[in-house]
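Overview (structure and organization)
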Amino acid sequence: MRDIRKLVGILCLLVGIGCFSFTLQEVVDYEMADREYEVLEDTVAEETETGFTVDWDALLAQNDDIIGWLCMGPDIRYPVVRGIDNRYYLRRGIDKEYNRNGALFLDCHNSGFSDDHAIIYGHHMKSGAMFGQLDLYQEAAYAKMYPIVTLYTPEKTITYRIFCAILTTDGSWAYQIIGDSDPDMKAYLEQCKKEALYWDATVNVSEEDSVLSLSTCVGRSGGTRRLVVQAVQIKE
């Protein structure tokens, strides 16, 4: 009996060491992933009192899948890529190597940001990185505080204003890709208004506008619940 108890004790110790090692590896992975994007921003981007600038030649030399740089709220500052599918950048950084944070990426079915409805995906990281703070936009008050989304591209700067947030599931109606001048846009916006957590009536949105959706996971890891924050392009 004593031998059995001793064996059980050893097994529990090994399991504990294994769990600790796994947790430690997670921490290291998070730190390395966050650091990669910090170094990138320090190298190719600069935020000053007059605005945000990107060295596009240097950035595109690293990866020509990069199509923009997204800025919103106090801390979300990341390049945006478009991959061959919607899985490639789930666990790859902009250098196309393993990165626990993955990358922000445009839906592969979008032709670009000129579509009536374009979607950018990002992980909801425990560290707060990527779209780890997007869930704050479930509250209308926070969206009022930080209403602007700015998308820098090699060709131009596009500015959006947040008008709603939606809780939905992976692959739902909210992920409908709508091309340029698509008649489906009116019905899509009506559904958004019906399902929204809030809808900012002070923001003008119509089927003539371009809408950007920002999507991330909510709830337990590996679940199907999604948060979609939507912003309308501000016309020049």
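The following refers to the structure shown.

Reading the values: rules and limits
- Residues numbered from 1 in each chain as written.
- Predicted model: local features only at pLDDT ≥ 70, side-chain atom pairs only at ≥ 80, totals over all residues.
- Heavy atoms only, no water.
- Helix = DSSP H or I, 4+ residues; strand = E, 2+ residues; numbered from the N terminus.
- Areas by Shrake-Rupley, 256 points an atom, 1.4 Å probe, with all protein chains shown as cover.
- Phe/Tyr/Trp six-rings, centres within 6.5 Å; stacked < 30°, edge-to-face > 60°.
- Buried < 20%, exposed > 50% of the residue type's maximum accessible area, 1.4 Å probe, protein only.
- Lys NZ or Arg CZ within 6 Å of the ring centre and 35° of its normal.
- Disulfide = S-S within 2.5 Å.
- Salt bridge = Lys/Arg side-chain N within 4 Å of Asp/Glu carboxyl O.
- Arc of directions from axis to C-beta.

A few points about the overall build of the chain
The number of helices and strands found in the chain is 4 helices and 11 strands. Counting only carbon and sulfur atoms, one obtains 52% of the accessible surface of the chain, whose full area is about 13,000 Å².

Regarding the packing of aromatic side chains
In this description, an aromatic ring pair is defined by two values, namely the gap between the centres and the angle between the planes. Counted under the stated rule, the structure contains 10 aromatic pairs. Ring centres of F163 and W199 lie 5.0 Å apart, and the angle between their planes is 70 degrees; on these two criteria the pair is classed as edge-to-face. Here F163 is found in strand β8 (residues 157-169), whereas its partner W199 is found in strand β9 (residues 198-199), with 36 residues between them in sequence. Residue class for F163 comes out buried when judged on its relative accessible area of 0%. A relative accessible area of 23% places W199 in the partly exposed class. Ring pairs connect the aromatic residues F52, W69 and Y152, which therefore count as one cluster. Across the ring face of Y88, the terminal group of R92 is positioned such that the distance to the ring centre comes to 4.0 Å.

Concerning the state of the cysteines
Scanning the entire structure with this criterion turns up 0 disulfides. Of all cysteine sulfurs, the one in C164 lies closest to C192, which takes part in no disulfide; the gap is 5.4 Å.

Brief notes about the pattern of salt bridges
On inspection of all chains with the given rule, the structure shows 6 salt bridges. Put simply, D65 and K96 hold a salt bridge, and the shortest N to O gap is 3.7 Å. Taken together, the residues D65 in the loop between α2 (56-62) and β3 (66-72) and K96 in the loop between β4 (76-81) and β5 (104-106) connect sequence positions 31 residues apart. For K235, the salt bridge identified is with D209, shortest N-O distance 3.3 Å. Of this pair, K235 sits in the segment after β11 (225-233) while D209 is found in the loop between β9 and β10 (211-217), placing the two residues 26 residues apart along the sequence. Using a relative accessible area of 7% as the deciding quantity, one classes D209 as buried.

Description of helix α4 (residues 185-195)
Three or more residues of α4 are buried, namely M185, Y188, L189 and C192. The buried residues of α4 occupy an angular sector of 95 degrees when projected down its axis, which confines them to one face.

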